[in-house]
Amino acid sequence: MKTFGIIAHLKRPNVERTAKLVIDWLQLQKLEYRVNSDLISEMSLAEKVYPESEFYRGLDCILSLGGDGTMLSSIRKAGNLGVPVFGINVGRLGFLTEILPVDLISALEKLHNDDYEIDERMILEATVEGSSDSHFYALNDVVLDHGDSTRLVKLDLFQFDEFVCPYNADGLIISTPTGSTAYNLATGGPVMHPHLAALIASPICPHSLTLRPIIFDDSSELTIRVASDDIDVRMTVDGQISCNLASESRVHIRKAPHKVKLIRIKHYSFFEILRTKLHWGARPLTAGDD
C-alpha cells in the first residue's frame, strides 16, 4: 500500500495524538497520504486536504481513527469505490475497529508489507421511491421509527410484491448480519455471523404479542410502506443520516451490488469479539468466585 487516506473523529480523546503518530510514520516511510478536513486546522496540514469528491479516489487504504461510528461513515463514503478501510479504535466498544493505538506502528508496518487479509461484508442499499437524491448505503441497518413523536407508527412490509405483515410499533429495523449486534440486538433480534448473506426485519416495541423478527434471504427486495397518516416517520441509516417520510412513502431496501472491504491484520474471530465485547455467555459470579 502506497497511498493512505486518514479520517479522524477529533472529539474522541487521544485521536489527535494518534493521528500525529500515523502521519509521522507515513512521512518517515515516504508514503503518500491525505487527511480529512477536521485535521487541517489542528495539525497545519492544508496541503494534504482534498475535496471530498476527490478524497477517496486513488487511495489504497483508508485509516479510520475513532470508534465504530467513524468507521461506518468511512465505509459508507468509500465502499462503492472498493477502497479497503482499516479501523484504529480510539473509541469505546470497537466492534468494527480492530487495532488499539498501542499496536499502531506494528499494524502500519504490516499494511505497508501487504501482510493482511480483506474481510468483505454485504451492505444495504435503500432508496425512497420517487426521490432521485435519496440513495443510501448502510453497513449496519436502516431504521424507520416515530422520530421525535411518542406515538406508534404504522408500517407495511413487503417482500418484492408480496405483503408480509403490518407493524404497529415504535419502528422497524432492517439489518445486515454485521448490524445484527447493533440496534437489532437491543430489540431482541437474532445474532448472525457477519459472513452470512441475509436481511433481518426486527420490530421495535411492537404493539402485538405475535410479531417477531424475520430473516430473509439476500436476494430479497424489501419494501416498507408508511401507513401512518398523522405523523411523519423518520428513516435513519447506520444511526447517522436521517430524513422524514410522509404517509404513503415507500422505501426499497436490498443487498447493495458491491461489498465493503475491512482490513484485518490478525485472525478475525466473531465469537471471540462476542465474548470480549458483549461478555457473551459469561456466567454470573457467585459469592465463592474470585
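Look up: the structure comes first, before these words.
Residues numbered from 1 in each chain as written. Predicted model: local features only at pLDDT ≥ 70, side-chain atom pairs only at ≥ 80, totals over all residues. Heavy atoms only, no water.

### Describing the overall build of the protein
And then number 1: Secondary structure summary: the protein contains seven helices and 16 strands in total.
And then number 2: By the compact-globule yardstick of 19 Å for 290 residues, the protein fits well, its C-alpha radius of gyration being 21 Å.
And then number 3: When the backbone C-alpha atoms are referred to their principal axes, the protein occupies close to 60 × 60 × 35 Å.
And then number 4: Split into buried and exposed, the 290 residues of the protein put 50% on the buried side.
And then number 5: Considering only contacts in the protein between residues 6 or more positions apart, those separated by 24 or more positions represent 66%.
And then number 6: Distance from the positive charge centre (29 side chains) to the negative charge centre (39 side chains) of the protein: 3 Å. (Helix = DSSP H or I, 4+ residues; strand = E, 2+ residues; numbered from the N terminus. Rg over C-alpha atoms; globule rule 2.2 N^0.38 Å. Buried < 20%, exposed > 50% of the residue type's maximum accessible area, 1.4 Å probe, protein only. Contact = heavy atoms within 4.5 Å. Lys, Arg positive; Asp, Glu negative; His and termini not counted. Charge placed at Lys NZ, Arg CZ, Asp CG, Glu CD.)

### Quick word on helix α4 (residues 68–78)
And then number 1: Within α4, nine of the 11 residues are buried, which leaves it mostly tucked inside the rest of the structure.
And then number 2: Three or more residues of α4 are buried, namely Asp68, Thr70, Met71, Leu72, Ser73, Ser74, Ile75, Arg76 and Ala78.

### Notes on the nonpolar core
And then number 1: Core analysis: the largest hydrophobic core is formed by 29 residues, its most contacted members being Leu144, Leu155, Ile174, Met235 and Ile253.
And then number 2: Element by element, the count of residues in this core is highest for strand β5 (residues 117–128), at four residues.
And then number 3: Grouped together as the second largest cluster of nonpolar side chains are 26 residues, Leu31, Leu65, Leu104 and Ile265 included. (Core = buried A, V, L, I, M, F, W, Y, C linked by side-chain atoms within 4.5 Å.)

### A few points about the pairing of strand β2 (residues 32–35)
And then number 1: By the bridge criterion, four bridges tie strand β1 (residues 3–8) to β2 in an arrangement that is parallel. Looking at the pairing, Ile6 lines up with Val35 of β2. (Pairing = 2+ DSSP bridges.)

### With respect to the pattern of salt bridges
And then number 1: As enumerated under the stated definition, the model contains 10 salt bridges in all.
And then number 2: Between Glu248 and Arg225 there is a salt bridge, with the nearest N and O atoms lying 2.9 Å from each other. With Glu248 in the loop between β15 (241–245) and β16 (250–264) and Arg225 in strand β13 (residues 221–226), the pair connects residues that are 23 residues apart, well separated along the chain.
And then number 3: Note on Arg225: relative accessible area 17%, which makes it buried.
And then number 4: Linked through salt bridges whose partners overlap, the residues forming this network are Asp119, Arg121 and Arg264. (Salt bridge = Lys/Arg side-chain N within 4 Å of Asp/Glu carboxyl O.)

### So, the sheet that holds strand β12 (residues 214–217)
And then number 1: With antiparallel pairing, six strands are arranged side by side in an open sheet as β12-β11-β10-β7-β14-β15. Since the sheet does not close on itself, it has two edges, and those belong to β12 and β15, each with one partner. Across the sheet, the mean angle separating the axes of adjacent strands is 20° when strand polarity is ignored.
And then number 2: Alignment of strand β11 (residues 198–204) against β12, held across four bridges, turns out to be antiparallel. Directly across from Ala198, in β12, lies its bridge partner Asp217. (Axes fitted to C-alpha atoms, helices over the stretch in contact; angles between N-to-C directions.)

### Some thoughts on helix α5 (residues 104–112)
And then number 1: The set of residues buried in α5 consists of Leu104, Ala107, Leu108 and Leu111. For α5, the buried positions fall inside an angular range of 100° around the axis, keeping them on one side.
And then number 2: Against the buried residues of α5 lie β1, α1 (15–28), β3 (61–66), β4 (85–89) and β16.
And then number 3: Two residues or fewer past α5, Asp114 is found with a positive phi of approximately 60°. (Arc of directions from axis to C-beta.)

### What about the side chain of Ser74?
And then number 1: Take Ser74: it is sitting in helix α4.
And then number 2: Excluding anything up to four places from it in sequence, Ser74 contacts Ile7, Ile62, Ser64 and Val85.

### So, the packing of aromatic side chains
And then number 1: Applying the stated criterion to the full structure yields three aromatic pairs.
And then number 2: Between the aromatic rings of Phe158 and Phe163, the centroid separation amounts to 5.3 Å while the plane-to-plane angle is 55°, which identifies the pairing as tilted.
And then number 3: Of the residues examined, Phe158 reaches a relative accessible area of 15% and is grouped as buried.
And then number 4: Relative accessible area serves as the criterion here: at 43%, Phe163 is assigned to the partly exposed category.
And then number 5: Ring centres 5.6 Å apart and planes at 65° place the aromatic pair Phe270 and Phe271 in the edge-to-face group.
And then number 6: On the basis of relative accessible area, Phe270 is assigned to the buried category, the value being 5%.
And then number 7: Note that Arg250 overlies the ring of Phe158, its terminal NZ or CZ placed 5.5 Å from the centroid. (Phe/Tyr/Trp six-rings, centres within 6.5 Å; stacked < 30°, edge-to-face > 60°. Lys NZ or Arg CZ within 6 Å of the ring centre and 35° of its normal.)

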